[in-house]
Amino acid sequence: MSVNPAPLPPAERRLGLVAVPILSGRGLLLSVLMLFGYLALAWAAVRFFPIVSPFWPAAALAVAGVMLFGRAVLPAIFIGAYAANVWVMEWSVAGALLAATGNTLSPWLGVAIFRRVCGEDFFASPKAVGFYFVLVGLLAALFSAAIGMLGLSQFHPGSGLYFFTTGLGWMVGDLTSTVMLAPALYLWGRFFLRHEPVALGKYGTGEFLVLLVIVVGGGLVLFGINTGGSVLHIGAMSLVVPPLIWAAQRFSPRLALTLFAGIYLVATISTLLGLGPFADFDSSNAITALQLMGTSISSSVLIASVLDVQRRDAHQQLEITNAELNDRVWSRTRDLVQSEQRTRHILEMMPMPMLVTELATSRVLYVNDECLALFGATRAMVRGVLPKDLWVDPLERQRVILRLQQGEVIRNHEVAFHGLRGEVFWLSMAVVLTRIEQSEALMFAFKDISLHKKREAELLNQATIDVLTGLYNRRQIRELVRRLMLETDTDTPLTIAIFDLDYFKRINDGSGHACGDKVLQAVADLGRSVLRREDWFGRWGGEEFVLVFPGFTRAQAQHTLESLRTRIAAEIILCDNGHLIQLTASFGVTEGRLLPEQRDFDRFDEWVNEADLALYRAKNQGRNRIELA
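Being a predicted model, the structure only gives us computed values, none of them experimental.

Enquirer: Would you take a moment to explain unusual backbone geometry for this structure?
Expert: Peptide bonds are trans in most cases, and residues, glycine excluded, mostly fall at negative phi. In the Ramachandran plot, Ser362 falls in the positive-phi region, its phi being about 70 degrees despite a non-glycine side chain. Tracing the chain through its elements places Ser362 in the loop between β1 (354-358) and β2 (364-367). Its relative accessible area of 1% is what places Ser362 among the buried residues. Even without being a glycine, Arg623 presents a positive backbone phi close to 70 degrees. If you trace the backbone, Arg623 turns up in the loop between α23 (602-620) and β12 (626-628). The class for Arg623 is partly exposed, based on a relative accessible area of 27%.

Structural data, given as structure tokens:
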């Protein structure tokens, strides 16, 4: 019986909750990982703190799990908490059950209330961080400690002072872990589940490595030596804050919190080993001091990260506002240029590249410094240049002028221009038709979009070209034939050939996929060497290729195909692993007719099927041959 995940409510989808059915394979794996992770972290804490640990990383794991997966992880948390209480803490069964109930319900209660009252992601704003501290941190820790002490008082007798101090330690341990570790675990979990980028930002890996060396090296120096608890050494601990705030501002909260967790781990281990600024203090007081320091720093890192995110959002909104303002300025400028006395002053003040040319002659009437820099020119050079000669497509200029004369507004129009050094670049322009010096003139405002057009071309190439062979992919071959069928206005032959490399699987299995890839590349090169410029050659899938011969009959194409078949059979390919590969190919060929009155693209699929059937006959009749449909 299959188990399908129920659709998440909109609020939970907005918060990034991942739906994982408990009875699915993924759900069971998640439960096992959560259970053993909880046990391992509980054992590690009790290993150093036999009674009540002031630092309980298992609570952080439970909180992060509920934040990421909701109710799906509650059974694993309960079993893990119960097992830890019985086997690690050596509680009675009844007390362990009650304490495990508190360990399980406390993170779920805190997260559920947070989602109901906040409605944002956990670390999306200072308000969300505050709710997280109060509800997921403090409230959940109080609830867990209260239930735990109830179990302890009912089944493990002791004095009131003992229960108070133990409960307080319990609460502080859960709170500390939730504040210091759970955010990093949650952000890393979201990173892997959503396949988020590493997000080192525009500052790059180099700056992050420098920061990592400073943080790790400084932490080892600060907490790895013993100075007898001097005031100077204790005060020097504040030096860990600037690098972490640096990380929060320049990189992602995930990386900043991970760096902090590393420092805190070094500090805790060093303190337990009798090193660091708290080496001469009582271990309980030393750990409490570390808790206070860690909670304070973790809170500062979170808030700094959130404020930086808000700053970036504000900057983005400012850019939008500036763009709108530029639009208004441009609109106002167009009205003002009707007054010739104000035109030059306005153009000189514009921060964007501006050019004014006479409509009839294309003579430059005005150009600002930004436009000179854009075209790589000086004012002396401009005197001998007519801007109309810089258009890559001169007819495009005439079309723009015609649209302006018809009253159209031209904005964000993309045009290719020649630079004065011979280079070609793309500009987005706005143009108005105005009057200057008693003549009709064109006023241009430019924006360089060459990088955008380059990326656009790269994306188009990725969508149409097979990466391995450099041939057209299946999608592009179909698109080329579709266009040809729409554009053809006479009865025209079209020959289609599909060929397959014989026993190619043996090459992959015997010589490796890298060798198989090299064989495919070699076949692609052979095909390109025998085809006309107007023929289309593509990879149809796997080791199967397609050839399209526009305007060729089947008989005309057969000579080319036979030449290709012979070359493939004669080719010996040396792979990187030293294997020599010799192969053959089988071809299936069909001929279709492009008719103006029949433009149904389904006919192409019929021709492909005919070529496929011919290919199968070639395979069945001994391979290394050409069969006609």
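Enquirer: Looking at this model, I keep getting lost on the sheet that holds strand β6 (residues 492-501). Mind explaining?
Expert: Strand pairing in a sheet is mediated by backbone hydrogen bonds. Such pairs are either parallel or antiparallel. The five strands are arranged β7-β8-β6-β11-β12 in an open sheet whose pairing can be described as mixed. Among the strands making up the open sheet, the edge pair consists of β7 (536-541) and β12. Adjacent strand axes in the sheet meet at a mean angle of 25 degrees when their direction is disregarded. Note that β6 and strand β8 (residues 544-550) share seven bridges and pair antiparallel. Counterpart to Ile498 in the pairing with β8 is Val546. Lying on the sheet, helix α19 (residues 474-487) is in contact with β6, β7, β8 and β11 (585-594); it crosses β7 at an angle near 135 degrees.

Enquirer: Any chance you could explain a negative patch on the surface here in plain terms?
Expert: A cluster of acidic residues, Asp600, Asp602, Glu606 and Glu610, forms a negative patch at the surface. Mapped onto the fold, Glu610 is located in helix α23. On the accessibility criterion, Glu610 (34% relative accessible area) is partly exposed.

Enquirer: Whenever I open this one, the environment of Asn577 confuses me. Can you help?
Expert: As for its placement among the helices and strands, Asn577 is situated in the loop between β9 (572-574) and β10 (580-582). For Asn577, a relative accessible area of 41% corresponds to the partly exposed category. Considering only alpha carbons, one finds Asn577 and Cys515, 62 residues apart in sequence, at a separation of 7.7 Å. Beyond its immediate chain neighbours, meaning those up to four positions away, Asn577 contacts Ser511 and Cys515.

Enquirer: It is not clear to me how the environment of Thr176 should be interpreted in this structure. Could you clarify?
Expert: Mapping Thr176 onto the fold places it in helix α7 (residues 160-180). A C-alpha to C-alpha distance of 9.3 Å links Thr176 and Leu138, two positions 38 residues apart in sequence.

Enquirer: Looking at this structure, how should I read the confidence of the model for the protein?
Expert: Any segment with low pLDDT has predicted coordinates that should not be analysed in fine detail. Per-residue confidence for the protein averages 80 on the pLDDT scale, and 85% of its residues sit at or above 70. Within the protein, helix α1 (residues 10-14) has the poorest average pLDDT of any element, 43, and β8 the best, 96. Here residues 1-16 scores under 50 on pLDDT; set against residues more than four positions off or in separate chains, the count is 20 contacts.

Enquirer: Sorry if this is basic, but what is going on with the pairing of β6 here?
Expert: As a general feature of sheets, a regular strand has side chains that alternate between the two faces. For β6, the buried fraction is high: 10 of the 10 residues fall into the buried class. Side chains Thr492, Leu494, Ile496, Ile498 and Asp500 project from β6 onto one buried face, and the interleaved Pro493, Thr495, Ala497, Phe499 and Leu501 project onto a second face that is buried too. Where β6 lies against β11, 10 bridges are found, and the strand directions are antiparallel. Bridging across to β11, Leu501 finds its partner in Ala585.

Enquirer: Got a minute to help me understand the state of the cysteines in this structure?
Expert: Here is the idea: a disulfide is a covalent bond, and it sits between the sulfur atoms of two cysteines. If you walk through the whole model with that rule in mind, you get one disulfide. Shown here is the disulfide that connects Cys515 with Cys575, its sulfur atoms set 1.8 Å apart. Given an S-S torsion of about 60 degrees, the disulfide between Cys515 and Cys575 has right-handed geometry. Of the two residues, Cys515 sits in helix α21 (residues 513-530) while Cys575 sits in the loop between β9 and β10, which places them 60 residues apart along the sequence. With respect to class, Cys515 is no different from Cys575; both count as buried.

Enquirer: Explanation requested: the nonpolar core in the structure shown.
Expert: What tends to happen in soluble globular proteins is that the nonpolar side chains get buried as a cluster. The biggest cluster of nonpolar side chains holds 76 residues, and the ones touching the most others in it are Phe123 and Tyr132. Looking at this core, the element that brings in the most residues is helix α3 (residues 57-69), giving 11 residues. Not counting chain neighbours up to four residues away, the residues in contact with Tyr132 comprise Val63, Met67, Phe114, Phe122, Phe123, Gly137, Thr178, Ala182 and Pro183. Listed in part, the 32 residues of the second largest apolar core include Ala524, Phe549, Ala585 and Val589.

Enquirer: I tried to follow the sheet that holds strand β5 (residues 439-448) on my own but got confused; where do I start?
Expert: Judged by pairing direction, the sheet is antiparallel, and its five strands sit side by side in the order β2-β1-β5-β4-β3 without closing on themselves. Only two strands of the sheet have a single neighbouring strand rather than two, namely β2 and β3 (410-418). With direction set aside, neighbouring strand axes in the sheet form an average angle of 30 degrees. Where β3 meets strand β4 (residues 424-436), seven bridges bridge the pair, whose relative direction is antiparallel. Looking across to β4, one finds that His413 is bridged to Met429. Against the sheet, helix α17 (residues 394-405) touches β1, β3, β4 and β5, its axis set at about 160 degrees to β3.

Enquirer: Can you walk me through the pairing of β5 in this structure?
Expert: Sheet topology places β1 next to β5; five bridges connect them, and they run antiparallel. In the strand pairing of β5, Thr357 is matched with Leu442. Both β4 and β5 contribute to a ladder of 10 bridges, which runs antiparallel. In the strand pairing of β5, Leu433 is matched with Leu442.

Enquirer: Which parts of the structure should I look at to understand the pattern of salt bridges?
Expert: Note that side chains of opposite charge can pair when their charged atoms are close. Taken as a whole and judged by the stated rule, the model has 21 salt bridges. For Arg403, the salt bridge identified is with Glu408, shortest N-O distance 3.0 Å. By relative accessible area, which is 27% here, Arg403 ends up partly exposed. In this structure, the salt-bridge partner of Arg593 is Asp491, at a minimum N-O distance of 3.2 Å. Taken as a pair, Arg593 in strand β11 and Asp491 in the loop between α19 and β6 lie far apart in primary sequence, 102 residues in all. According to the relative accessible area criterion, Arg593 is partly exposed, its value standing at 34%. Salt bridges sharing common partners tie together Asp393, Glu396 and Arg399.

Calculation notes
- Residues numbered from 1 in each chain as written.
- Predicted model: local features only at pLDDT ≥ 70, side-chain atom pairs only at ≥ 80, totals over all residues.
- Heavy atoms only, no water.
- Helix = DSSP H or I, 4+ residues; strand = E, 2+ residues; numbered from the N terminus.
- Buried < 20%, exposed > 50% of the residue type's maximum accessible area, 1.4 Å probe, protein only.
- Pairing = 2+ DSSP bridges.
- Axes fitted to C-alpha atoms, helices over the stretch in contact; angles between N-to-C directions.
- Contact = heavy atoms within 4.5 Å.
- Patch = residues over 30% accessible without salt bridge, like charges linked within 9 Å, V, L, I, M, F, W, Y side chains within 5 Å.
- Areas by Shrake-Rupley, 256 points an atom, 1.4 Å probe, with all protein chains shown as cover.
- Salt bridge = Lys/Arg side-chain N within 4 Å of Asp/Glu carboxyl O.
- Lys, Arg positive; Asp, Glu negative; His and termini not counted.
- Charge placed at Lys NZ, Arg CZ, Asp CG, Glu CD.
- pLDDT = per-residue confidence, 0-100.
- Disulfide = S-S within 2.5 Å.
- Core = buried A, V, L, I, M, F, W, Y, C linked by side-chain atoms within 4.5 Å.

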